[in-house]
Amino acid sequence: MMARTNFTERGTQAKTFEELRCYPSSAGGSQQQSIIFSAVNILFSIIALLGNSLILAALHKESTLHPPSKLLYRCLATTDLLIGLAGQPLYATYYISLVYEDWDLCRYAVDAAFITGYALCGASLLTVTAISVDRLLALQLGLRYKQVVTLKRTYIILATFWIVSSISAFCYVLDPQISFWCSYIVPPPCLMISVASYIKIFSTLRCLQAKVQDPIQQQPSAPNALNMARYRKAVYSALWVQLTLVVCYLPYIVMQIKIVYSKTYPSQSSISFEIAYSLVYFNSTLNPFLYCWNICEVRQAVKQTMRQAFSCAWN
């Protein structure tokens, strides 16, 4: 019969589940499963480290991107790099502690992994939302875009993102419920802002395209100052990053809601939770490939960086 965990108070349910992950009777899964999850996270960690290091080096060399837009992508690549450097190794440590049944290490690893994950994934989510708004402003403001969206303002916004995400994450130490509720409250507005931004972008592009095809309605306007072909590519690049993040984060959000609102929790379902959590980290591993696939300037800079690295190693 399936072992089930009863929760008497909904307010402490999520916390109880995290505590139960490091108890011998309810940790769930076999040693083989723990070894597989550990190996997968270590592999993702190495790829995320190498891939995002290349992206950061490429963005440092790239000069055609607008500085604030480039800063947003550099911030996103930095969070992905830190996830590969800290988040995924900590989660791999959790699985290793299950293999060796070191429950003290397990609890430390779970707490550290969740604090790191909340801080970095929260910053990533907010940055991706900012990228969608940045693309909308580039279209709406036209020639005023570079005057309004400055490097200084972008630094302030990103610093605010990191401060808010870090405070929310460290609240996990005082009361895990604060961090859990932040993970429910923050994503929906971010998603709505991004969806609204892309709807407005594609609606405006469709109107501009109609004006171009109708000679009578053609008239000079600020958005036409943009290189529309290049702008479309930038929009689709940002959209792919956004969609990938949603696909990777959604299973984890669903699992968290299930944990909070279910009166009972089957211990066997912990495998589904581990897969969902690993998928969140996989987003950081996947992003460098999206940059190279969608952003021609970044792809060329990455190729150049790799050629230089191999040339130095060969010499």
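Keep in mind it's a predicted model, so treat the numbers as computed, not measured. (Residues numbered from 1 in each chain as written. Predicted model: local features only at pLDDT ≥ 70, side-chain atom pairs only at ≥ 80, totals over all residues. Heavy atoms only, no water.)

## A look at the side chain of N41
- Relative to the assigned elements, N41 resides in helix α2 (residues 31–61).
- Sequence-distant contacts of N41, that is, excluding residues within four places in its chain, are made with Q88, Y91, A92, Y95, S278 and Y281. (Helix = DSSP H or I, 4+ residues; strand = E, 2+ residues; numbered from the N terminus. Contact = heavy atoms within 4.5 Å.)

## Structural notes on the packing of helix α4 (residues 103–141) against helix α6 (residues 151–174)
- Packing of α4 against α6 brings their axes to within 8 Å, and their N-to-C directions diverge by 155 degrees. Considered as vectors, α4 and α6 are oriented roughly antiparallel to each other. With respect to the hand of their crossing, α4 and α6 are arranged in right-handed fashion. Residue-level inspection shows D111, F114, I115, Y118, A119, L120, G122, A123, L126, T127 and A130 of α4 in contact with α6, the latter providing L158, F161, W162, S165, S166, A169, F170, Y172 and V173. (Axes fitted to C-alpha atoms, helices over the stretch in contact; angles between N-to-C directions. Parallel < 35°, antiparallel > 145°, perpendicular 65-115°, else oblique. Left-handed = near helix turned anticlockwise from the far one by under 90°.)

## As for the environment of L279
- Structurally, the position occupied by L279 is in helix α10 (residues 270–294).
- Residues L279 and C248, 31 residues apart in the sequence, show an inter-C-alpha distance of 5.4 Å.

## Observations concerning the UniProt feature "transmembrane region" (unreviewed entry) in the protein
- When the UniProt feature table is mapped onto this chain, "transmembrane region" (unreviewed entry) is found at residues 35–59, 112–133, 154–172, 178–199, 234–255 and 275–296.
- For residues 154–172, helix accounts for 100% and strand for 0%, while the C-alpha atoms at its two ends are 28 Å apart. (UniProt positions renumbered as here; feature names shortened; annotations may be inferred.)

## Structural notes on the confidence of the model for the protein
- Residue-level pLDDT values for the protein average 82, and 83% of them are 70 or greater.
- In the model of the protein, strand β1 (residues 4–6) stands out as the element of lowest mean pLDDT, 42, in contrast to helix α3 (residues 67–99), which has the highest, 93.
- Taken together, the stretch residues 1–15 has pLDDT below 50 and engages in 40 contacts with residues farther than four places along the chain or on a different chain.
- Here residues 217–225 scores under 50 on pLDDT; set against residues more than four positions off or in separate chains, the count is 14 contacts. (pLDDT = per-residue confidence, 0-100.)

## Overview of a nonpolar patch on the surface
- A contiguous nonpolar surface patch, about 520 Å² in accessible area, is contributed by I42, I46, L50, I96 and Y100.
- When residues in the nonpolar patch are grouped by element, the largest group, three residues, is from α2.
- On the secondary structure map, I96 appears in helix α3.
- On the basis of relative accessible area, I96 is assigned to the partly exposed category, the value being 36%. (Patch = residues over 30% accessible without salt bridge, like charges linked within 9 Å, V, L, I, M, F, W, Y side chains within 5 Å. Areas by Shrake-Rupley, 256 points an atom, 1.4 Å probe, with all protein chains shown as cover. Salt bridge = Lys/Arg side-chain N within 4 Å of Asp/Glu carboxyl O. Buried < 20%, exposed > 50% of the residue type's maximum accessible area, 1.4 Å probe, protein only.)

## Thoughts on the packing of aromatic side chains
- Applying the stated rule across the entire model yields 18 aromatic pairs.
- With a centroid separation of 6.0 Å and 50 degrees between ring planes, the pair formed by F114 and Y118 is classed as tilted. Remark: Y118 and F114 occur in helix α4; sequence separation between them is four residues, near one turn of the helix.
- What makes F114 buried here is its relative accessible area of 0%.
- For Y118, a relative accessible area of 12% gives the class buried.
- These aromatic residues form a ring-pair network of at least three members: F37, Y91, Y94, Y95, F114, Y118, Y172, Y252, F273, Y277 and Y281. (Phe/Tyr/Trp six-rings, centres within 6.5 Å; stacked < 30°, edge-to-face > 60°.)

## Quick word on the pattern of salt bridges
- Evaluated as defined, the whole model comprises two salt bridges.
- Put simply, D104 and R107 hold a salt bridge, and the shortest N to O gap is 3.4 Å. On the criterion of helical spacing, the pair formed by D104 and R107 is a turn pair, its members being three residues apart in helix α4.
- What makes R107 partly exposed here is its relative accessible area of 33%.
- Note that D134 is salt-bridged to R135, the shortest N-O span being 2.9 Å. Across this residue pair, the class does not change: D134 and R135 are buried.

## Structural notes on unusual backbone geometry
- Despite not being glycine, E101 shows a phi value in the positive range, around 55 degrees.
- Looking at the secondary structure, you find E101 in the loop between α3 and α4.

## Quick notes on the side chain of Q242
- Residue position: Q242 is located in helix α9 (residues 228–261).
- Judged by relative accessible area, Q242 falls into the buried class, the value being 5%.
- Among all residues touching Q242, those that are not within four sequence positions of it are V128, T129, S132, L191, S194 and Y198.

## Digging into the environment of T244
- If you trace the backbone, T244 turns up in helix α9.
- A relative accessible area of 10% places T244 in the buried class.
- Expressed as a C-alpha distance, the spacing of T244 and L290, which sit 46 residues apart in the sequence, is 9.0 Å.
- When sequence neighbours within four positions are dropped, the list of residues in contact with T244 reads N283, L286 and L290.

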